[in-house]
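So the chains spell out like this:
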Amino acid sequence: MGRARSRDTEHPQTRLDHGGIASVVPSEFGGGFELVVDGTPQSHVDLEDPTHLHFEYVVRMGAVIDQLPPGPLTAVHLGAGALTLPRYVEATRPGSRQQVIELEAPLVALVREHLPLPRGAGIRIRIGDAREGVGRLPAALRAQCDLVVSDVYSGAQTPAHLTSLEFYREVAALLTPAGVLLVNVADGPGLAFARRQAATIAQVLPEIGILADTQVLKGRRFGNLVVAASASPLPTEWLPRMLAAGPHPAKIAQGAEVRDFVQGARIVTDGDATASPRPDASLFLR
């Protein structure tokens, strides 16, 4: 479970532009390091084994990425954190071309210094707002991306302008016909925000899968749901068995389950978009 940490000046740290404190600390579980923002772990990195994905929702994203066709990927990541997934793609798909857009330059500098990327990694980091950054990406990337990951938090919430139909249309324009969008959606009991997000994404990319811990997917507690979406059928043949095997059993909802999940949910537009719900301490799950 996620846990609050006391601030420890012995660890490398920096003040972020929004006023918070980010630090890099040794992980108390499973080795490696954690990027901690305002006392709460945000990312985990194992420099010795970048395929070690510690947080549950990131493991699920990795499982979807593993289902994509073999070979290097062209990928865009919105939100850097400690660059956990870009490192994973670099390790499992050598030769991949990756772009990362991150608002906080001090965070990027901290991670680069204390959790350096592998030498020669094809990972370019761009500083700026995620939505504005998508619009500034090279035109050659349009309709050429195999993967786009949206995992952006300002403080502890996804900003409203990164939750709308208009935003997802901009993101979808980057994908190949078989490309996959992965979105980290955090929500609590009732899942009103997650239902609207899934309904909105489905308006743009109709093939939807929702991956989550079963209790989270039933709306019984706060947690992370991963929405996987594409214009083409998702490559999920082996995912149900993998997710059920643990170490933290989960499931993927598809087809009729997704239709039931989004039934009655209103599409989010720029005119009525809201930030994601403020999480409790269990946002980042083990």
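Everything below is about the structure printed above this text.
All values derive from a computational prediction rather than experimental measurement. (Residues numbered from 1 in each chain as written. Predicted model: local features only at pLDDT ≥ 70, side-chain atom pairs only at ≥ 80, totals over all residues. Heavy atoms only, no water.)

> Before we go on, may I ask you to explain the overall build of the chain in this structure?
The helix and strand inventory of the chain stands at 9 helices and 12 strands. Expected size for 286 residues packed as a compact globule is a radius of gyration near 19 Å; at 17 Å, the chain falls within 12% of this value. Projecting the C-alpha coordinates of the chain onto the three principal axes gives extents of approximately 50 × 40 × 40 Å. Buried residues in the chain amount to 56% of all 286 residues. Here the analysis covers contacts within the chain between residues at least 6 apart in sequence; of these, 70% occur between residues at least 24 apart. Surface accessibility of the chain: about 12200 Å² in total, with carbon and sulfur atoms responsible for 52%. (Helix = DSSP H or I, 4+ residues; strand = E, 2+ residues; numbered from the N terminus. Rg over C-alpha atoms; globule rule 2.2 N^0.38 Å. Buried < 20%, exposed > 50% of the residue type's maximum accessible area, 1.4 Å probe, protein only. Contact = heavy atoms within 4.5 Å. Areas by Shrake-Rupley, 256 points an atom, 1.4 Å probe, with all protein chains shown as cover.)

> Hey, could you run me through the sheet that holds strand 12 (residues 250-254) in this one?
Strand pairing in a sheet takes place through backbone hydrogen bonds and is either antiparallel or parallel in direction. The strand order across the open sheet built from 8 strands is 7-6-5-8-9-11-10-12, with neighbouring strands paired in mixed fashion. Where the open sheet ends on each side, the last strands, each with one partner, are strand 7 (123-127) and strand 12. Each neighbouring strand pair of the sheet contributes to a mean axis angle of 15°, computed without reference to strand direction. Summarising the sheet, strand 5 (residues 74-78) and strand 6 (residues 97-102) pair through 5 bridges and their orientation is parallel. (Pairing = 2+ DSSP bridges. Axes fitted to C-alpha atoms, helices over the stretch in contact; angles between N-to-C directions.)

> Sorry, what's going on with the packing of helix 5 (residues 165-172) against helix 6 (residues 192-204) here?
Angle between the axes and distance between the axes are the two parameters that describe a pair of packed helices. One can describe the packing of helix 5 onto helix 6 by two numbers: an axis separation of 9 Å at closest approach and a directional angle of 45°. With respect to their mutual orientation, helix 5 and helix 6 come out oblique. The two elements helix 5 and helix 6 cross, and the hand of that crossing is right-handed. Here L165, Y168, R169 and A172 of helix 5 lie close against helix 6, whose contacting residues are Q197, T200, I201, Q203 and V204. Here the residues of the contact of helix 5 with helix 6 are counted per class, giving 5 nonpolar, 3 polar and 1 charged. (Parallel < 35°, antiparallel > 145°, perpendicular 65-115°, else oblique. Left-handed = near helix turned anticlockwise from the far one by under 90°. Nonpolar A, V, L, I, M, F, W, Y, C, P; charged D, E, K, R; others polar.)

> What's the story with the sheet that holds strand 3 (residues 33-37) in this structure? I'm lost.
The strand order across the open sheet built from 4 strands is 1-2-3-4, with neighbouring strands paired in antiparallel fashion. Edge positions in the sheet fall to strand 1 (13-15) and strand 4 (40-45), since each of these pairs with one other strand and no more. For this sheet, the mean inter-axis angle between neighbouring strands, taken without regard to orientation, is 20°. Bridge analysis of strand 2 (residues 21-26) against strand 3 gives 5 bridges, and the strand direction is antiparallel. Bridged to A22 within strand 3 is V37. The sheet strands contacting helix 3 (residues 105-114) are strand 1, strand 2 and strand 3, and the helix crosses strand 1 at an angle near 165°.

> Even after reading the chapter, I still don't get empty space enclosed by the protein, so can you show me in this structure?
Where empty space is left can be seen by rolling a probe of water-molecule size over the atoms. Throughout the structure, instances matching the rule amount to 2 cavities of 30 Å³ or more. In this structure, the largest cavity occupies an estimated 90 Å³ of space. Residue lining of the largest cavity: 15 residues in total, with T158, L162, Y168, V183 and N184 positioned closest to the centre. Elements supplying a minimum of two residues to the lining of the largest cavity: strand 9 (175-187) and helix 6. (1 Å grid on protein atoms, 1.4 Å probe; cavity = no way out; pocket = protein on both sides within 12 Å on 5 of 7 lines; lining within 4 Å. Points joined across faces, edges and corners; volume = space filled by probe spheres on them.)

> I'm lost on helix 3 in this one. Help?
Residue pairs three or four apart in sequence face the same way in an α-helix, which turns once every 3.6 residues. Where helix 3 is concerned, the buried positions are P106, L107, V108, L110 and V111. At its buried positions, helix 3 is contacted by strand 1, strand 2, strand 3, helix 2 (84-92), strand 6 and strand 7.

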